[in-house]
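# Coordinate inspection notes
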Amino acid sequence: MCGIMGYIGERAAIPVLLDGLSRLEYRGYDSAGVAVAHDGTVHVRKAAGKLSRLREILERDPVPGNVGIGHTRWATHGQPTDTNAHPHTDESGRFVVIHNGIIENFLPLREELASRGHRLSSDTDTELLAHLIEEEYRGDLVEATRRAVRRASGAYALVVLCAQEPHRIVAVRMISPLVVGFGQGEMLLASDIPALLPYTRDVLVVNDGELVVLTREGVQLESLEGGTVSRSRMHVTWTAEQAERGGFPHFMLKEIYEQPRALQETLMGRLDGDGPVVLEDVHLDAAFARALNKIWITGCGTAYHAGLVGRYLFERVLHLPTEADYAHELRYRDPLVRAGDLVVAISQSGETADTLAAARLCRSRGARVLAVTNVVGSTLSREADDVLYTRAGPEIAVASTKAYLTMLVGQVLLMLYLGSLRGNLRADRARQLVEELAVLPRKVQEILNHPAPVEALAREVADSEHVYFIGRGLDYAVAMEGSLKLKEISYVHSEAMPAGELKHGTLALVTPGTPVVVVLTQAHVYEKTVSGLQEVKARGARVVAVAYEDDPEIGKLADRVLRIPRTDDLLSPVLAAVPLQLLAYWVARERGHDIDQPRNLAKSVTVE
Ligand code: M6R
């Protein structure tokens, strides 16, 4: 996500801020900015693009001063432009804020502030916080910040500078990370430890619901209710490289563990109790949704696998003919796409050449293109008619994990959205799904809390030459993704197929000891999938099942069971994929491969 850096001390603030931000560059960002308090004013400089652009601006137009805040933005609300870059101010320019995360009640707050005459100059949720603080200010920045954040809901880390109180920086953490650094006669603040390491190794991790007041002399930690909080600082021994990965040995593992938070962000502000799903950049109307002929889903690799889940959901729940195809196939097969069709183009990066080409082709034939992407301002998002941002945050490992899970949830949201427009999803069924969606992040966390069975299994199968993945319906879609994950980072040959297809050929390759992973979460085809399981078991396969924790039968049938919490069968891919991601990771680790940058692969495939 975005990067935060703050400094108060003896040195010139700008070099420290730029240095800290550059140490957060690995996280990805699309714009950057700084604000420094000096001579009774807070001076802001910001620009879309890389830090080098901001540096150029600062060289031309420098700012002295020893108190400042800096930010690298990964867009969630509004395009990556100069105006939307942080810091943001109120109209007077006295209150300056930077912010990571998402303000959930963005739309009502924006209307409320506009109705009271506030002139909002950006599309961001962050700017609202500057205006809220201005409204609440009665001579004390700490109190004003406290009152302002009570009016905002969501997940965020907020940092505030005020022209009238240049001797302190105020910050609040609500879910998004924030760390205080202790220097000699100086104090620092950052969203992540790597930014602080050249200045100090003594840090204090701010907890959710805490407010921080930073002065040159030290830090005061308070609860949002106003009580004092005391916690001792800790000494960090990580290298800069370890710190970039948040202490995880690889970005892939870090990103797997970030999934509960990523899912929370995907859902944030979009499910409003009994109301319809809010998809801020999707503008389909009831007339279009009711007259819809067909949905086409397209993408490549993991994005295509996410689309296989979408195909199943749209067809089954919305009763709409839906086709999913690889973008590089769709674009060359002269598809019968026409006006009145909806094309859902899925791409983490929004830059995959084949996906862009397929989306353009469909659009030129009159279809409406809806992008499901993680990158605000990406080519796909700019060219599409509608955009559903997945909000996974920057994904650095080549093997996609959190992007996949958020693509799944994004499509469930789209299904609910279309279902309410078309009127063919019963309200009680929609409510059930909404309730279950809301607890999915916690259930993913439960799986992540117990990795030991997957690690043990990985040791058992790491020497295998071939691994097969089978399932039916949604379980087949998950099997496809599990197989891709395994092969791309562990270099073990693997294949996924519908459980019913095995006996039509591939069963010939199953010999004693061959690992076969069976995904078994779909009640309506459970018995049928078990037949597939029996077929491989009879040939001596080592059967690994991914099944619900309360499945009473599976322990007797499989050699190993990877358990997942019970959920609605339509949502099970979100959970069933997680042990398979971990399996791929641990097998690759057992085999000693470069997990984050597997051979022959690139993060973004921008060539055809
Ligand atoms: O950025 P995109 O989602 O369009 O990328 C598509 C594929 O290249 C990508 O999912 C690839 O398959 C990943 N390496 C899978 O982990």
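Use the structure listed above.
Quick caveat, the model's predicted, so the values are computed rather than measured. (Residues numbered from 1 in each chain as written. Predicted model: local features only at pLDDT ≥ 70, side-chain atom pairs only at ≥ 80, totals over all residues. Heavy atoms only, no water.)

Before going further, it helps to examine the overall build of the protein. Looking only at helices and strands, one finds 20 helices and 24 strands in the protein. By its C-alpha atoms, the protein is 80 × 55 × 45 Å across when sized along the principal axes. Across the 608 residues in the protein, those meeting the buried criterion constitute 61%. A separation threshold of at least 6 residues defines the contact pool for the protein, and within that pool the share at least 24 residues apart is 71%. For the protein, the exposed surface amounts to about 22300 Å²; the carbon and sulfur share of it is 48%. The averaged location of the 79 negative side-chain charges in the protein is 2 Å from the averaged location of its 66 positive side-chain charges. (Helix = DSSP H or I, 4+ residues; strand = E, 2+ residues; numbered from the N terminus. Buried < 20%, exposed > 50% of the residue type's maximum accessible area, 1.4 Å probe, protein only. Contact = heavy atoms within 4.5 Å. Areas by Shrake-Rupley, 256 points an atom, 1.4 Å probe, with all protein chains shown as cover. Lys, Arg positive; Asp, Glu negative; His and termini not counted. Charge placed at Lys NZ, Arg CZ, Asp CG, Glu CD.)

With that settled, the discussion passes to helix 3 (residues 106-115). Considered for burial, the residues of helix 3 that qualify are Phe106, Leu109 and Leu113. Taken around the axis of helix 3, the buried residues stretch over an arc of 70 degrees, which confines them to a single face. Pointing more than 90 degrees away from the buried face of helix 3 are the exposed residues Glu111 and Ser115. Of the surrounding secondary structure, the elements contacted by the buried residues of helix 3 are strand 6 (95-103) and helix 4 (126-136). At the C-terminal side of helix 3, Gly117 shows a positive phi close to 95 degrees. (Arc of directions from axis to C-beta.)

On to the layout of surface pockets. Put simply, the largest pocket is a space of about 800 Å³. In this structure, the largest pocket is lined by 37 residues; those nearest its centre are Pro177, Asp192, Lys254, Glu258 and Arg261. When residues in the lining of the largest pocket are grouped by element, the largest group, 5 residues, is from helix 8 (residues 259-267). Class assignment for the residues of the lining of the largest pocket results in 18 nonpolar, 7 polar and 12 charged. Two domains each provide a minimum of three residues to the lining of the largest pocket, namely domain 1 (3-244) and domain 2 (253-443). Estimates place the volume of the second largest pocket at around 580 Å³. For the lining of the second largest pocket, the secondary-structure elements that each account for two or more residues are helix 10 (301-318), strand 17 (342-347), helix 12 (353-364) and helix 17 (474-490). With 4 residues, the single largest contributor to the lining of the second largest pocket is helix 10. (1 Å grid on protein atoms, 1.4 Å probe; cavity = no way out; pocket = protein on both sides within 12 Å on 5 of 7 lines; lining within 4 Å. Points joined across faces, edges and corners; volume = space filled by probe spheres on them. Nonpolar A, V, L, I, M, F, W, Y, C, P; charged D, E, K, R; others polar. Domains from an automatic or database assignment.)

Our next topic: the site of the ligand. As a structural note, the neighbourhood of the ligand is formed by 15 residues, with Ser347, Gln348, Ser349, Thr352 and Glu488 the closest of them. Take Thr352: an N or O atom from its side chain is 2.4 Å from an oxygen atom of the ligand. The separation between an oxygen atom of the ligand and a polar side-chain atom of Lys485 is 3.0 Å. Protein chains shield 90% of the accessible area of the ligand, which is 410 Å² for the free molecule. Mapped by element, the contributors of at least two residues to the shell around the ligand are helix 10 and helix 17. Across the shell around the ligand, the residue classes tally to 6 nonpolar, 7 polar and 2 charged. (Near = heavy atom within 4 Å. Polar contact = N/O pair within 3.5 Å; in protein donor to acceptor, adjacent residues only side chain to side chain.)

Below, the discussion takes up the sheet that holds strand 24 (residues 560-564). Strand order in this open sheet of 5 strands is 21-20-22-23-24, and the pairing throughout is parallel. With one partner strand each, in any of the chains shown, strand 21 (493-498) and strand 24 form the two edges of the open sheet. The mean angle between the axes of side-by-side strands here comes to 20 degrees, regardless of whether they run parallel or antiparallel. Sheet analysis places strand 22 (residues 515-520) next to strand 23 (residues 542-548), joined by 6 bridges and oriented parallel. By the bridge assignment, Val517 is partnered in strand 23 with Val544. Against the sheet, helix 16 (residues 452-461) touches strand 22, strand 23 and strand 24, its axis set at about 150 degrees to strand 24. Of the strands in this sheet, strand 20 (466-471), strand 22 and strand 23 touch helix 18 (residues 526-538), which is tilted by about 170 degrees from strand 22. (Pairing = 2+ DSSP bridges. Axes fitted to C-alpha atoms, helices over the stretch in contact; angles between N-to-C directions.)

As for its placement among the helices and strands, Val546 is situated in strand 23. When its relative accessible area of 0% is taken as the criterion, Val546 is described as buried. Put simply, Val546 and Leu107 are 439 residues apart on the chain and 40 Å apart in space, counted from C-alpha to C-alpha. Every residue in contact with Val546, bar those within four places of it in the chain, is listed here: Val517, Val518, Val519, Leu520, Thr521, Leu562, Ile564, Ala576, Pro579 and Leu580.

Right, let's get into the side chain of Thr298. Note on placement: Thr298 falls in strand 15 (residues 295-299). A distance of 3.2 Å separates a polar side-chain atom of Thr298 from the backbone nitrogen of Ala327. Once residues within four sequence positions are removed from consideration, Thr298 is found in contact with Asp325, Tyr326, Ala327, Leu330, Val343, Val344, Ala345, Ile346, Thr355 and Ala358.

In this section: the environment of Arg60. On the secondary structure map, Arg60 appears in helix 2 (residues 51-60). For Arg60, a relative accessible area of 64% translates into the label exposed. Taking the C-alpha atoms as reference, Arg60 lies 58 Å from Gly423; in sequence the two are 363 residues apart.

Bear in mind that shape data such as this cannot, by itself, settle questions of function.
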